[in-house]
Amino acid sequence: QVQLVESGGGLVQAGDSLRLSCAASGRTFSSYYMGWFRQAPGKEREFVAAINTNGGTTKYADSVKGRFTISRDNAKNTVYLQMNSLKPEDTAVYYCAADRTYIWTQPTQYHYWGQGTQVTVSS
């Protein structure tokens, strides 16, 4: 089992950057595939990015490709989401998620979730 805690959210202006972090508990972090998802008010939770266990494979939603970068540091039990050129439509609560089996893009496939961190982008 793994526990996840996100941090790094905040209020920024359009065009700014933020880096989200997700710290994981436990000694087996390197065996988990990690994902970032987001949920805006009144909308379903949507996929943002995912990374495999060693960081060699990543996936991105089309809406963030070229602007966001997912990475991980297994020595620090942490996964990151670097967000550049932020837009008002990126405003949402951002969640990290973990699963042992695959680099999923569907939120229903992830077994472990953090509590989320709010990102608000003003125009």
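Heads up: the structure comes first, above all this text.
Everything quoted here is computed from the prediction, not taken from an experiment.

Trainee: Lay out the pattern of salt bridges in plain terms, naming residues and giving numbers.
Mentor: Under the counting rule described, the total for this entry stands at four salt bridges. In this structure, Glu46 and Arg38 form a salt bridge, with 2.6 Å as the shortest nitrogen-oxygen distance. Linking Asp62 and Lys65 is a salt bridge whose minimum nitrogen-to-oxygen distance equals 3.2 Å. Salt bridges linked by common partners bring Arg38, Glu46, Arg67 and Asp90 together as one network.

Trainee: Give me the lowdown on the sheet that holds strand β7 (residues 68–73), citing residues and values where you can.
Mentor: Think of a sheet as strands paired side by side through backbone hydrogen bonds, with each pair either parallel or antiparallel. Spatial ordering of the open sheet is given by β1-β3-β8-β7, a layout of four strands whose pairing is antiparallel. This sheet does not close on itself; its edge strands, each paired only once, are β1 (4–7) and β7. Averaged over all neighbouring strand pairs, the angle between strand axes comes to 15°, with direction disregarded. Sheet topology places strand β3 (residues 18–24) next to strand β8 (residues 78–83); six bridges connect them, and they run antiparallel. Bridging from a neighbouring strand, Arg19 pairs with Gln82 of β8.

The rules behind the values
Residues numbered from 1 in each chain as written. Predicted model: local features only at pLDDT ≥ 70, side-chain atom pairs only at ≥ 80, totals over all residues. Heavy atoms only, no water. Salt bridge = Lys/Arg side-chain N within 4 Å of Asp/Glu carboxyl O. Pairing = 2+ DSSP bridges. Helix = DSSP H or I, 4+ residues; strand = E, 2+ residues; numbered from the N terminus. Axes fitted to C-alpha atoms, helices over the stretch in contact; angles between N-to-C directions.

Geometry only, nothing functional implied.
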